[in-house]
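# Per-entry structural report
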Amino acid sequence: MPRWLPRAVILVLALVACFQLGSWAFHQLIGLLVNILIAFFLALAIEPAVARMAARGMRRGLATFLVFLGVFVATAGFLALLGSMLAGQIVDMVEGFPHYLDMVIDWINRTLHTELSRLEIQDSLVHSDWLQKYVQNSASGVLDVSATVLGGLFRLLTVGLFSFYFAADGPRLRRALCSVLPPAKQSEVLRAWEIAVAKTGGYLYSRGLMALVSGIAHYVVLAVLGVPYAPALAVWVGLVSQFIPTIGTYLAGALPTLIAFTVDPWYAVYVLGFVVVYQQFENYVLQPKLTARTVDIHPAVAFGSVIAGTALLGAVGALIAIPAVATLQAFLGAYVKRYEVAGEAGGAGGAAAAGGEPTAARPRRVRLPGLR
């Protein structure tokens, strides 16, 4: 047996063991890595506000704290207002449910010539097997719901803590990262960082504009129909539909539809129809144009990046896919040389067709977006 064979076998086994250990560690830490990624993009989003306050002489840690405090107060106030409104509407809806049920039963009896009774329907529902099984399953799932809520609060605290440190210690973090790189690479890292800040801010700006347009449109419809709490519902629809990916549209449209049902069942149908129509308008008209302008990527690329981000990281991937792709595209665009296309008007082919000498293709200088 050759002398190198035992060493090669031991080396291969060691490499396999290291790969298995690394794979196991990665799968165990995937949740933490995703939280750090979310915190990084959140820190990039608030970086302009923090930097502006720090430029005026305020300590960076205090500026970050004030920005987070403002976001927390605004979110808590909105949730408190929405919760009180929702609680009152649920109470009114429960109290008026027998009346709505009588209206539906009367309409069915007149239309289909039946003889249904509310008391018979209630009695059959109360004594049904599926209702008893549902109550039992709900009682057994209380602990699972509690664990999910506690896990969500812990994850939110983790994201908030990491994003605070990323924003407060941004310059120190950049210096620590650049200190291990040669000078040529340091400028590239700083340039990529500034591009990421600009693109993330542009993405949030576009989402804010779409939330504003959506809120105004839904407010007009709700106010015309006379649905109560129209301003709060409009703000709810605008924010939830834009900043909660995938399921945000359904959550946003369910609440105004439910409250419109307490006024008139037909109003709920009208609100639901408007939500569906507006969503199609937003997806195919408003969002591609606005996202392409603010984030500077093609609408098809934006749509594909959202699908890819959802497939990789779920809702988190859908939320950060567009700014990540826009950052990568802008960073690569600074180093990719572009040339005039031969055969176009004014190009080399045009000159040759006119009898002149074809001009050499000259590289076009690309200006980096978002750099000061």
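Residues numbered from 1 in each chain as written. Predicted model: local features only at pLDDT ≥ 70, side-chain atom pairs only at ≥ 80, totals over all residues. Heavy atoms only, no water.

Our focus in this paragraph is the overall build of the protein. Along the protein, the regular secondary structure elements total 14 helices and 0 strands. A buried classification covers 28% of the 372 residues belonging to the protein. A separation of at least 24 residues holds for 64% of the contacts in the protein among residues at least 6 apart in sequence. (Helix = DSSP H or I, 4+ residues; strand = E, 2+ residues; numbered from the N terminus. Buried < 20%, exposed > 50% of the residue type's maximum accessible area, 1.4 Å probe, protein only. Contact = heavy atoms within 4.5 Å.)

One way to put it is that helix H9 (residues 230-243) packs onto helix H10 (residues 248-263) with a least axis distance of 7 Å and a crossing angle of 165°. Considered as vectors, H9 and H10 are oriented roughly antiparallel to each other. Here H9 and H10 pass one another in a crossing that is left-handed. Residues Leu233, Trp236, Val237, Val240 and Ser241 of H9 form the contact with H10, whose participating residues are Gly248, Thr249, Leu251, Ala252, Leu255, Pro256 and Ile259. The residue makeup of the contact of H9 with H10, split by class, is 9 nonpolar, 3 polar and no charged. (Axes fitted to C-alpha atoms, helices over the stretch in contact; angles between N-to-C directions. Parallel < 35°, antiparallel > 145°, perpendicular 65-115°, else oblique. Left-handed = near helix turned anticlockwise from the far one by under 90°. Nonpolar A, V, L, I, M, F, W, Y, C, P; charged D, E, K, R; others polar.)

According to the stated counting rule, one finds 1 salt bridge in the structure shown. The residue Glu47 makes a salt bridge to Arg60 at a minimum N-O spacing of 2.8 Å. In this pair, Glu47 sits in helix H2 (residues 30-55) while Arg60 sits in helix H3 (residues 60-112), placing the two residues 13 residues apart along the sequence. For Glu47, a relative accessible area of 10% gives the class buried. Assessed through its relative accessible area of 17%, Arg60 is described here as buried. (Salt bridge = Lys/Arg side-chain N within 4 Å of Asp/Glu carboxyl O.)

Moving on, we get to the layout of surface pockets. Approximately 2200 Å³ is the volume found for the largest pocket. As for the largest pocket, its lining consists of 41 residues, of which Leu42, Val71, Thr75, Leu156 and Phe243 are closest to the centre. Those elements that provide at least two residues to the lining of the largest pocket are H2, H3, helix H6 (142-168), helix H8 (183-225), H9 and helix H13 (315-333). The dominant element in the lining of the largest pocket, judged by the number of residues it contributes, is H3, at 11 residues. Of the residues that constitute the lining of the largest pocket, the class distribution is 35 nonpolar, 5 polar and 1 charged. (1 Å grid on protein atoms, 1.4 Å probe; cavity = no way out; pocket = protein on both sides within 12 Å on 5 of 7 lines; lining within 4 Å. Points joined across faces, edges and corners; volume = space filled by probe spheres on them.)

At a closest axis distance of 7 Å, the pairing of H8 and H9 adopts a crossing angle of 145°. Relative to H9, the crossing made by H8 is right-handed. Listed contacts from H9 to Leu204, Arg207, Gly208, Met210, Ala211, Ser214, Gly215, His218, Tyr219, Leu222 and Ala223 of H8 are Ala230, Pro231, Leu233, Ala234, Val237, Gly238, Leu239, Ser241, Gln242 and Phe243. Grouping the amino acids of the contact of H8 with H9 by side-chain chemistry returns 13 nonpolar, 7 polar and 1 charged.

When helix H7 (residues 170-178) is considered as a whole, its buried residues turn out to be Gly170, Arg174 and Cys178. One face of H7 carries all of its buried residues, which in axial projection span an arc of 65°. Along H7, the residues that are exposed and aim more than 90 degrees away from the buried face are Arg172 and Arg175. (Arc of directions from axis to C-beta.)

The subject of this paragraph is the environment of Leu44. Note on placement: Leu44 falls in helix H2. Using a relative accessible area of 3% as the deciding quantity, one classes Leu44 as buried. With 122 residues separating them in the primary sequence, Leu44 and Phe166 have C-alpha atoms 8.4 Å apart.

Our focus in this paragraph is the packing of aromatic side chains. A full pass over the atoms with the stated rule returns 8 aromatic pairs. With a centroid separation of 6.1 Å and 25° between ring planes, the pair formed by Phe274 and Tyr278 is classed as stacked. Of the two residues, Phe274 and Tyr278 both sit in helix H11 (residues 265-295), 4 residues apart, roughly one turn of that helix. Taking the relative accessible area as the measure of exposure, Tyr278 reaches 7% and is therefore buried. One aromatic cluster is present, built from ring pairs that chain together Phe40, Phe41, Phe162 and Phe166. (Phe/Tyr/Trp six-rings, centres within 6.5 Å; stacked < 30°, edge-to-face > 60°.)

Taken over all residues, the pLDDT of the protein has a mean of 76, while the share at 70 or more is 79%. Per-element averaging of pLDDT across the protein places helix H14 (residues 348-353) at the bottom with 45 and helix H1 (residues 4-28) at the top with 92. Counting interchain partners and residues more than four positions distant, the pLDDT-below-50 stretch residues 346-372 has 33 contacts. (pLDDT = per-residue confidence, 0-100.)

So, about the nonpolar core. Core analysis: the biggest nonpolar cluster contains 16 residues, and Leu222, Val227, Leu233, Trp236 and Val271 have the highest contact counts within it. Among the elements of the structure, H8, H9, H10 and H11 are those that each provide at least two residues to this core. Per-element tally for this core: the top contributor is H9, with 5 residues. Setting aside anything within four residues of it in sequence, one finds Leu222 in contact with Val227, Ala230, Leu233, Ala234, Pro256 and Val271. In terms of nonpolar packing, the next biggest core, distinct from the first, is built from 8 residues, Leu44, Trp193, Ala196 and Ile320 among them. (Core = buried A, V, L, I, M, F, W, Y, C linked by side-chain atoms within 4.5 Å.)

Before going further, it helps to examine the side chain of Ser241. Mapped onto the fold, Ser241 is located in helix H9. Judged by relative accessible area, which is 11%, Ser241 ranks as buried. In terms of polar contacts, Ser241 uses its side chain to reach the backbone carbonyl oxygen of Val237, at 2.5 Å. Discounting residues that sit within four places of it in the chain, Ser241 has contacts with Ser214, Trp236, Gly248, Thr249 and Ala252. (Polar contact = N/O pair within 3.5 Å; in protein donor to acceptor, adjacent residues only side chain to side chain.)

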